[in-house]
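A look at the structure
Each chain, letter by letter, is given below.
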Amino acid sequence: MPLPLPPRRALRQLAWAAACALGLQAAAAQGAAPAEVNNSALDARLFYQLLISEVQLASGDPGSAYELTLDAARSQKSEQLFRRATDIALQARAGDQALAAARAWRTAFPKSADAHRYLVQLLVSLGRPAESVAPLRSLIELTPAAERAALVSAVPGFYARSPNRKEAATWVQEAVQSQMDEPLTRAAARVSVGVAKLSAGEPQAALELAQRAQTLDPAAPEPALLALDLLARGTGAAEALVSQHLRTVPTSAPVRMAYARVLTGANRYPDALAQLDAVARAEPKHPQVWLTLGALHLELRQPAIARTDLERHLALLDEADGRASSAAAAPANADDDGEDDTPSTPAAAAGRSKPRTTALLLLAQAAEQQKDYAGAEQVLSRIEPVGNEVLDVQSRRASLLARQGKLPEARALIHHTPLTAPALTQNRLLAEVQLLR
């Protein structure tokens, strides 16, 4: 919705009145000549203009704040003020005004990567992705050479929400076309187009692009990761690219972890274990690999091995927490790296929780498989559930009761579990269904 913008003349009069007030105060306070100070270009008029802008914003008048800040940005040719004007409009959910400010910013600073980035994101968000191709291409060219491949790889993400996947693939190809022959980006450009082609339902085109990208850069993980997406969608020929990459870079942990995930989804558990074991040997301090190994061994009904894996994972998390505490530089949940590499199995469904809670739930399940109900309850007592995790913990406790022939008590435990949100009612019902099964 457009911002309620006041007349430009009234705003200028208000700003000038404030500036005059500052001038009168300065004249009255004249005395000994102050020492020369090398300050910024912020003069009295600009100071009061920006001050009034922030006051207007705080008092609920973003239109005035936007107009004043944009006017100051144009008169001062300040990239910082253009960014502020754009942010004010975004804060007010005024997309058209934000777009206007971003366009003015780009016009005033044609070499500004930030201006191009804002413009691309706004055009995509406002449903005008076709217009974003040209500024996105410019943004890629303005990005330092060392960072350009990463940006090229991220291009499909700009159009991930586009309902027309084929058009999105065309936009991606147009945006990265100039990078197809550049030594530093030619592989990444082909992978980006391949990702878009796969999303558009063209797996053969995506496979050919992945093959070409790997030929150009055999050590790059991106072609292998694209091949894994193809493999997960049924393109068996893509597996050769993954194998070739792992022969070239045997220590490629991200590819091996992703490969294990795909293999687990295809019920190829021995092959998945081989990949995870390779990562564990190469990076024994990698917490996520032990969590994934534990979940997979649990799925294979090997609870003793699973318990060893999961305890190793928890020990590594404790080490990380100890280092963070001694440095006093990390939040309480520093063990959560945001990455979820657990196999997509029922045992690993709790992977949406924090890694420590996930590991403890899996550890309790492993003890339950061994009929060590006391040990399982002891593990559950180590969990301090937060939010939705309460239902997960109580469901595991209910399973323990049911295993011991106490089904009524188990159902009552689930029924009396407090819910943190009404939407969890269905989850509680599903937990009871699982219990009865």
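Above this text is the structure in question.
Presented here is a report on the structure given in the accompanying data block.

What counts, and where the lines are drawn
Residues numbered from 1 in each chain as written. Predicted model: local features only at pLDDT ≥ 70, side-chain atom pairs only at ≥ 80, totals over all residues. Heavy atoms only, no water. Patch = residues over 30% accessible without salt bridge, like charges linked within 9 Å, V, L, I, M, F, W, Y side chains within 5 Å. Areas by Shrake-Rupley, 256 points an atom, 1.4 Å probe, with all protein chains shown as cover. Salt bridge = Lys/Arg side-chain N within 4 Å of Asp/Glu carboxyl O. Helix = DSSP H or I, 4+ residues; strand = E, 2+ residues; numbered from the N terminus. Buried < 20%, exposed > 50% of the residue type's maximum accessible area, 1.4 Å probe, protein only. Phe/Tyr/Trp six-rings, centres within 6.5 Å; stacked < 30°, edge-to-face > 60°. 1 Å grid on protein atoms, 1.4 Å probe; cavity = no way out; pocket = protein on both sides within 12 Å on 5 of 7 lines; lining within 4 Å. Points joined across faces, edges and corners; volume = space filled by probe spheres on them. Axes fitted to C-alpha atoms, helices over the stretch in contact; angles between N-to-C directions. Parallel < 35°, antiparallel > 145°, perpendicular 65-115°, else oblique. Contact = heavy atoms within 4.5 Å. Expected span 1.5 Å × (residues − 1).

**Considerations on a nonpolar patch on the surface**
Residues F47, L51 and V55 make up a contiguous nonpolar surface patch of roughly 250 Å² in combined accessible area. Inspection of the secondary structure assignment puts V55 in helix α2 (residues 44-58). In this structure V55 comes out as partly exposed when scored by relative accessible area, which is 49%.

**Some details on the packing of aromatic side chains**
For the coordinates displayed, the defined rule picks out three aromatic pairs. Between the aromatic rings of F82 and F109, the centroid separation amounts to 6.2 Å while the plane-to-plane angle is 80 degrees, which identifies the pairing as edge-to-face. Of this pair, F82 sits in helix α4 (residues 79-91) while F109 sits in the loop between α5 (95-108) and α6 (113-125); the two residues are 27 residues apart in sequence, bridging distant segments of the chain. Given the relative accessible area of 21%, F109 is considered partly exposed. A ring pair is formed by Y159 and W171, whose centres lie 5.6 Å apart and whose planes are at 50 degrees; its orientation type is tilted. Separated by twelve residues along the polypeptide, Y159 in the loop between α8 (145-158) and α9 (165-176) and W171 in helix α9 bring together distant segments of the chain. Its relative accessible area of 10% is what places W171 among the buried residues.

**Remarks on the layout of surface pockets**
Put simply, the second largest pocket is a space of about 240 Å³. Lining the second largest pocket are 14 residues, and of these V195, E222, L225, L226 and D229 lie nearest its centre. Counting residues per element, the ones that place at least two in the lining of the second largest pocket are α8, α10 (186-199), α12 (221-232) and α14 (253-265). For the lining of the second largest pocket, the leading source of residues is α12, giving six residues.

**Observations regarding the packing of helix α20 (residues 389-403) against helix α21 (residues 407-415)**
α21 packs onto α20 with a crossing angle of 170 degrees between their chain directions and a minimal axis gap of 7 Å. Judged by the angle between their axes, α20 and α21 are roughly antiparallel. Residues Q394, R397, A398, L401 and A402 of α20 touch α21, and the partners they reach there are L407, E409, A410, L413 and I414.

**Quick notes on the pattern of salt bridges**
Taken as a whole and judged by the stated rule, the model has 16 salt bridges. With a shortest N-O distance of 3.8 Å, R382 and E311 are connected by a salt bridge. Of this pair, R382 sits in the loop between α19 (373-380) and α20 while E311 is found in helix α17 (residues 303-327), placing the two residues 71 residues apart along the sequence. E368 is the salt-bridge partner of R403, the closest N and O atoms lying 2.9 Å from each other.

**Side note on α10**
End to end, α10 covers 20 Å across 14 residues, agreeing with the expected 20 Å (1.5 Å per residue, within 8%). The buried fraction of α10 is high, at eleven of 14 residues. The set of residues buried in α10 consists of A187, A188, A189, R190, V191, S192, V193, G194, A196, K197 and L198. Contacts made by the buried residues of α10 are with α8, α9, α11 (203-216) and α12. Looking at the residues trailing α10, positive phi occurs at G201, about 85 degrees.

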